[in-house]
Amino acid sequence: MIKMKSFISILLLITLATYLSACQSYQRRAIPVKMLSSYPNATEVAGATIAAKIYDDKNEAETFYGFDIVSTGVIPVQLIFDNKGIHSITIIPSQTFPVRWQKQRS
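Reading guide: rules and limits
Residues numbered from 1 in each chain as written. Predicted model: local features only at pLDDT ≥ 70, side-chain atom pairs only at ≥ 80, totals over all residues. Heavy atoms only, no water. Helix = DSSP H or I, 4+ residues; strand = E, 2+ residues; numbered from the N terminus. Buried < 20%, exposed > 50% of the residue type's maximum accessible area, 1.4 Å probe, protein only. Contact = heavy atoms within 4.5 Å. Pairing = 2+ DSSP bridges.

With that settled, consider the overall build of the protein chain. Secondary structure summary: the protein chain contains two helices and three strands in total. Traced from its N-terminal end to its C-terminal end, the protein chain shows the element sequence α-β-β-α-β. Within the span of the protein chain, comprising 106 residues, buried residues form 11% of the whole. Considering only residue pairs separated by 6 or more positions, the protein chain has 45% of its internal contacts joining residues 24 or more positions apart.

Take the pairing of strand β2 (residues 48-54) next. Pairing analysis gives three bridges linking strand β1 (residues 43-45) to β2, with the strands arranged antiparallel. Counted as the bridge partner of Glu44 is Thr49 from β2. Here β1 folds back onto β2, and the loop between the two strands holds two residues, one of which, Ala46, carries a positive phi near 50°. Where β2 and strand β3 (residues 77-83) come together, seven bridges link them in antiparallel fashion. Within β3, the residue paired with Lys53 across the bridge is Gln78.

Next up, the structure:
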């Protein structure tokens, strides 16, 4: 019985060690904050300023997300809001649609 408990304990330690060594650690990054007015597409509506930043450059997206997300076929878009109006802003997930997009070659 003692040998069985020892075997199970060793097996659990090996499993735990394997699991921990297989996990890649995630490192937090500070995201630089840019003034909303510096975005060329910033638009003001009813006291709220809204802009969008498209990460279509592989290197820029990798710097921001930590991996090459563009090569996976995903073009991330960051929406930036500054609401100084009296109305709230709501993004309706069912009204946001993924679109296939290809960068124009120059």
